[in-house]
Amino acid sequence: MPDKKNYAIDTLLTHAGNHPELNYGIVNPPVYHASTILYSTVEQMERAQKERTGVFYGRYGTPTTFAFEEAVAALEGGGQALALPSGLAAIGATLLSLLKAGDHLLMVDSVYGPARTLCDKTLARFGVDVTYYDPLIGAGIADLIRPNTRLVYLESPGSLTFEVQDIPAIVAAAHAKGALAILDNTWATPLLLRALGHGVDIVIYAATKYFVGHSDAMLGAIVVRDPDLYRAIKLATHGMGYCAAPDDCYLGLRGMRTLGVRLRQHGENGLALARWLQGRPEVARVLHPGLPEDPGHALWRRDFTGASGLFSFVLKPCAPAAVAAMVEGMRLFGMGGSWGGYESLLMPVKPEAIRTATAWAPGGPTLRVHAGLEAIEDLIADLDDGFRRLAGA
Ligand SMILES: Cc1ncc(COP(=O)(O)O)c(C=O)c1O
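Note that the coordinates shown come from a computational prediction; the quantities given were computed from them, not determined experimentally.

Within the open sheet, the four strands sit side by side as 8-9-11-10. Their pairing is antiparallel. Two strands in the sheet have a free side with no partner beyond their single neighbour: strand 8 (283-287) and strand 10 (345-349). For this sheet the average axis-to-axis angle between neighbouring strands, irrespective of direction, equals 25°. Pairing geometry for strand 9 (residues 310-315) and strand 11 (residues 366-370), over five bridges, is antiparallel. Paired with Val-314 across the two strands is Thr-366, which belongs to strand 11. Against the sheet, helix 10 (residues 259-278) makes contact with strand 8, strand 9 and strand 11, and its axis sits at roughly 10° relative to strand 9, the strand it touches most.

Another aspect to go through is the state of the cysteines. Overall, the coordinates contain zero disulfides when judged by the stated rule. No disulfide involves Cys-243; its sulfur sits 8.3 Å from that of Cys-249, the nearest cysteine.

So, on to the site of the ligand. If you check the shell around the ligand, you find 14 residues, and the closest are Gly-87, Leu-88, Asp-184, Thr-208 and Lys-209. Calculation on the ligand without its partners gives an accessible area of 390 Å², and the protein chains cover 93% of this total.

Relative to each other, helix 4 (residues 87-98) and helix 8 (residues 227-239) sit at 105°, their axes nearing to 9 Å. The angle between helix 4 and helix 8 places the two elements in the roughly perpendicular class. From helix 4, Ala-93, Ser-97 and Leu-98 reach across to helix 8, where they touch Leu-229, Ile-233, Ala-236 and Thr-237. For the contact of helix 4 with helix 8, a count of residues per class yields five nonpolar, two polar and no charged.

Looking now at helix 3 (residues 63-76). If you check helix 3, its first and last C-alpha atoms are 20 Å apart, about what 14 residues at 1.5 Å a residue would give, namely 20 Å. Among the 14 residues that make up helix 3, 11 are buried, leaving the element largely enclosed by the rest of the structure. Among the residues making up helix 3, those that are buried are Thr-64, Thr-65, Ala-67, Phe-68, Glu-69, Ala-71, Val-72, Ala-73, Ala-74, Leu-75 and Glu-76. Structurally, helix 3 contributes buried residues whose contacts are with helix 1 (9-15), strand 1 (80-84), helix 7 (189-192), strand 6 (202-206), strand 7 (220-224) and helix 9 (246-256). Where helix 3 ends, the next residue or the one after it, Gly-77, has phi of about 80°, a positive value.

Judged by nonpolar contacts, the single largest core of 93 residues is most densely connected at Leu-95, Leu-105 and Tyr-153. The element best represented in this core is helix 3, accounting for seven residues. If sequence neighbours within four positions are ignored, Leu-95 has contacts with Leu-105, Met-107, Leu-118, Cys-119, Leu-123, Leu-151, Tyr-153 and Ile-182. Core analysis: the second largest hydrophobic core is formed by 24 residues, Leu-291, Ala-322, Met-326 and Ala-371 among them.

Hydrogen bonds along the backbone pair up the strands of a sheet, which may run parallel or antiparallel. On the basis of which strands lie adjacent, the open sheet formed by seven strands has the order 1-7-6-5-4-2-3 and mixed pairing. Both edges of this open sheet fall to strand 1 and strand 3 (129-133), since each of them pairs with a single strand only. Adjacent strand axes in the sheet meet at a mean angle of 20° when their direction is disregarded. In this sheet, strand 3 lies alongside strand 2 (residues 104-108) in parallel orientation, the contact comprising five bridges. The residue bridging Leu-105 from the neighbouring strand is Val-130, located in strand 3. Strand contacts of helix 4: strand 1, strand 2, strand 4 (149-155), strand 5 (180-184), strand 6 and strand 7, with the helix running at about 150° to strand 6, the strand carrying the most contacts. Strands strand 1, strand 5, strand 6 and strand 7 of the sheet are contacted by helix 8, whose axis makes an angle of about 15° with strand 1.

Thresholds applied
Residues numbered from 1 in each chain as written. Predicted model: local features only at pLDDT ≥ 70, side-chain atom pairs only at ≥ 80, totals over all residues. Heavy atoms only, no water. Pairing = 2+ DSSP bridges. Helix = DSSP H or I, 4+ residues; strand = E, 2+ residues; numbered from the N terminus. Axes fitted to C-alpha atoms, helices over the stretch in contact; angles between N-to-C directions. Contact = heavy atoms within 4.5 Å. Disulfide = S-S within 2.5 Å. Near = heavy atom within 4 Å. Areas by Shrake-Rupley, 256 points an atom, 1.4 Å probe, with all protein chains shown as cover. Parallel < 35°, antiparallel > 145°, perpendicular 65-115°, else oblique. Nonpolar A, V, L, I, M, F, W, Y, C, P; charged D, E, K, R; others polar. Expected span 1.5 Å × (residues − 1). Buried < 20%, exposed > 50% of the residue type's maximum accessible area, 1.4 Å probe, protein only. Core = buried A, V, L, I, M, F, W, Y, C linked by side-chain atoms within 4.5 Å.

Below you can see the structure in the form of C-alpha cells.
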C-alpha cells in the first residue's frame, strides 16, 4: 500500500501487509509453508546466506510472516517488526538478545507473571541482575539506574493490577543514562498507544490477544525503532531458533482487519462493566484506568486514546468458597487466562503472591475481567447472578 504514513490507523488495519498484486489478485496474503528454499546458483545461495533478508530458509520466515511483520510496523507508525511464536517468546527473545552476564535489568513489579519467572530463573542463571521497581515510580526510576543498567522494562497498565506508568518520564530517565526502554503494549495495541511516539525503543506484543482476537492462535511480535538494534535482535532471535508459524501469522493478520471495531466494543463493554461494578455493594475497588476515580486516570488520559477490555476489581473480604461459587457458575464469562478474544472472561488472580518491590494488599480477593463482544445487558445479568451466588455461598 503506498504512502502508509498518510493513512489513518483504521485504513492501515484494512490494507497493511496485503499485496494482491503479488498474489494473483488474492486479497489476503496466502499461507506459505516452507522449510527448504531452493536456489538456482551457488552465487545466489551464498548471497542469501550472507544478506539474510527475504525468503532464504523456512525458519526465518515466509511471505506470510513478512506480511504480518509489515502490517504490525505500519500500525506502530515506524520501526521494523519481528514475528515470534508467542507473546512470552517475544519477551524472552528480546531480553536474551540484548542482555549479557553482568548487565542489570530494571523490571516493573506489575509485569506479566511468566516474564518474571523468566527473569528469576533463566536470566539469573545467566548472571543478569534484575531489580523490580514500583510501577508508579515515574521519573524516580533515575535513582535505580546503575552504570550497568542496559534495559528498563515497562508494562502499562500493569498485569492484574492495571497501574498506569509515566512512560515518557521513565523513558527519558532511561535514555539519559544510556539504557533502552522496552514496553509490553499488549493491553493497548498500537490503536490506543503508539509507543514509539512516546520514545520507547522496543515494543512487545502478545499478538495472541487482540491481534489474533479469536482465542485460537499463539503469536508474538516486537517492533524496534533503530535499524541496527532491529538487526541485532533479529540475528540473535534467529540464532535461538524462534519461528512463528505461517498459519498463526495468517490468523494474526486476518484478526488485525477487524481489530479497530473489536477494540472499540471491548473498550465500551469494559468501561460499562467497570462502572456497574463500582456500584455493587460487594465490590471494594475497581482497577480500570478509564474510570475518573482511578489513580492512573490522568496519565492514561494523557497518553492513551482509549481503553481495551481488560481490568480487575477487588471484592470486599469474603471466603474463597464464595468466590469459587461466583466464578464457577458463570454462563457467559469463561474462567481462563488468555484474554483478547471475542469472549468474556472472569477469573480470580493473586497479585499479592508475586510482587516483591511493592506490597499488594487490597483487603479482599481480586478478580480479573475481560469484557468480550457480547451484549452488555447479558454480561451484566450474568455478573448479577454471580453476586447472588457469592452472597449465598
Ligand atoms: C501483558 C501480557 N504480555 C505477554 C503475555 C504472553 O503472551 P502469550 O500468551 O502469547 O505468550 C501475556 C499473556 O497473557 C500478557 O497478558
